[in-house]
Amino acid sequence: IPTQDGKSETRCGVLFRSATTGFASEHDVSVLSERFHVVVILDLRDPGAKVTQPMAAVYPDTPLDEEVSEEYPQQRRRVPIVNGRVKREIVAALGVHAVPRICAWWVLREGFRYFRGALAYVTRVTGSSLAQVTSRVVAPYQRNSAYRLTITWIRDARGFANLYYIFSTAGKQAVFEALKTCTVVDHGAVLVHCESGKDRTGLIAALLLSAVGVSHASIIDDYFQSHQFGLSAAHRERVLCLTEDEWPSSDAFSKHPELQMMYGAPKVCMDEFLNLLGREHGSVEGYLDFIGFDAGWRERLKSKFLVPLGTKT
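Below is a summary of the structure that appears in this document.

Thresholds applied
- Residues numbered from 1 in each chain as written.
- Predicted model: local features only at pLDDT ≥ 70, side-chain atom pairs only at ≥ 80, totals over all residues.
- Heavy atoms only, no water.
- Helix = DSSP H or I, 4+ residues; strand = E, 2+ residues; numbered from the N terminus.
- Polar contact = N/O pair within 3.5 Å; in protein donor to acceptor, adjacent residues only side chain to side chain.
- Contact = heavy atoms within 4.5 Å.
- Pairing = 2+ DSSP bridges.
- Axes fitted to C-alpha atoms, helices over the stretch in contact; angles between N-to-C directions.
- Salt bridge = Lys/Arg side-chain N within 4 Å of Asp/Glu carboxyl O.
- Buried < 20%, exposed > 50% of the residue type's maximum accessible area, 1.4 Å probe, protein only.
- Parallel < 35°, antiparallel > 145°, perpendicular 65-115°, else oblique.
- Nonpolar A, V, L, I, M, F, W, Y, C, P; charged D, E, K, R; others polar.
- Left-handed = near helix turned anticlockwise from the far one by under 90°.
- Phe/Tyr/Trp six-rings, centres within 6.5 Å; stacked < 30°, edge-to-face > 60°.
- Lys NZ or Arg CZ within 6 Å of the ring centre and 35° of its normal.

1. Here we look at the side chain of T183
Point 1. Along the polypeptide, T183 turns up in helix α9 (residues 172-184).
Point 2. Only 2.8 Å separates the side chain of T183 from the backbone oxygen of L179, close enough to count as a polar contact.
Point 3. If we skip the residues at most four places from it in the chain, T183 touches F293, W297, R300, L301 and K304.

Structure below.
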């Protein structure tokens, strides 16, 4: 990916992003290690998220303060983006009855076919337990209020822009640790992942690209690479573990943009987020300074990530 000044481009093979590695087989781990030379797996999920035995054997959990070295090259570093403060701010921003209203609206709008999928999504994002959510959903909520709330946060792209902004501010220490880890690994590659590979992972990828001088348009295009996977059967089956009956039809995806926002990665979501960072911090670089990933860190990242334009890597 070329930088905005036209002098450099990103180096191939030093950073990969993906959906969850929670179902990785022995073959998958071998490909990461031997073909892609992945040294560090940066796991942005919650601390207790699933890791398979083959993955744990090759990429054991390692404390963040331990140096990445040639002697002990392969490791998993857990940097949960969605901490307690992030969860509280999401719920506060949505409103006290947001979770049950969103679920109620989905039931009213689409029928029970999509209820489990919506329920699973909002419980995971907000940190509410299944019991907490279902106990409230049975209460009689008005369809219109639920619809307006959902429109504000899902159908309106600013919902996801606001979500990413909460990740990046309430979770700023985790964001800094993630960017730092990607910078200090000076041999081999880093694989960054969360669950679907588009929200937390998309945020870190966008900040890394911005830090080395890639244009917003190119960052948005890179984020959009996750869109088709997000709407695919592979995402439904392998990541969300939903049945076909619990998944929106292609016609539903076409009619309801909020479904694409929730499961896919439309360009407008990242565009709104980058604009929001600019408004609140003056620029993305201003935000990076705010969290401590200053010019010194960014220069170090550039020395690792960039090569002269046209270089074959």
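More follows now that the structure is in view.
2. Let's talk about the sheet that holds strand β3 (residues 38-43)
As a general point, the strands of a sheet are linked pairwise by backbone hydrogen bonds and lie either parallel or antiparallel.
Point 1. Strand order in the open sheet formed by 4 strands is β2-β5-β3-β4, with parallel pairing between adjacent strands. Each edge of the open sheet carries a strand with a single partner, namely β2 (15-18) and β4 (75-78). When strand polarity is set aside, the average angle formed by the axes of neighbouring strands in this sheet is 20°.
Point 2. Here 5 bridges tie β3 to strand β5 (residues 189-193), and the two strands are oriented parallel to one another. Counted as the bridge partner of D43 is H193 from β5.

3. Comments concerning the side chain of R76
Point 1. As for its position among the elements, R76 is in strand β4.
Point 2. A distance of 2.8 Å separates polar atoms of two side chains, one belonging to R76 and the other to D43.

4. Quick look at the pattern of salt bridges
Point 1. Scanning all chains against the criterion turns up 10 salt bridges.
Point 2. Residues R298 and D289 are paired through a salt bridge, measuring 3.0 Å at the closest nitrogen-oxygen approach.
Point 3. Residue D289 is classed as partly exposed on the basis of its relative accessible area of 41%.
Point 4. One network of salt bridges, with partners in common, ties together D43, R45, D61, R76 and R78.

5. Remarks on unusual backbone geometry
Most peptide bonds adopt trans geometry, and most residues besides glycine take a negative phi value.
Point 1. One non-glycine residue, H37, lies in the positive phi region at around 55°.
Point 2. Counting through the fold element by element, H37 comes out in the loop between α1 (26-35) and β3.

6. Some details on the packing of helix α10 (residues 200-211) against helix α17 (residues 284-291)
Point 1. Following both chains from N to C, one finds α10 and α17 inclined at 105°, their axes separated by 10 Å at the closest point. Taken together, the axes of α10 and α17 lie roughly perpendicular to each other. Every residue of α17 that contacts α10 at L207, S210 and A211 is listed here: V284, E285, Y287 and L288.
Point 2. Tallied by class, the residues present in the contact of α10 with α17 amount to 5 nonpolar, 1 polar and 1 charged.

7. Regarding the packing of α9 against α10
Point 1. Two elements in contact, α9 and α10, have axes whose closest approach is 10 Å; the angle formed by their N-to-C orientations is 60°. Of the possible angle classes, the one that applies to α9 and α10 is oblique. In this structure, α9 meets α10 at a crossing whose hand is right-handed. Where α9 abuts α10, its residues V175, A178, L179 and C182 lie against L203, I204, L207 and L208.
Point 2. Of the residues belonging to the contact of α9 with α10, the class tally is 8 nonpolar, no polar and no charged.

8. Details of the packing of aromatic side chains
Geometrically, a pair of aromatic rings is defined through the distance of the ring centres and the angle of the planes.
Point 1. Taken as a whole and assessed by the stated rule, the structure comprises 9 aromatic pairs.
Point 2. Ring centres of F176 and F293 lie 6.4 Å apart, and the angle between their planes is 70°; this geometry places the pair in the edge-to-face category. On the criterion of sequence distance, the pair formed by F176 in helix α9 and F293 in the loop between α17 and α18 (295-305) is long-range, its members being 117 residues apart.
Point 3. Residue classification places F176 among the buried positions, given a relative accessible area of 13%.
Point 4. The side chain of K267 reaches across the aromatic face of F224, ending 5.3 Å from its centre.

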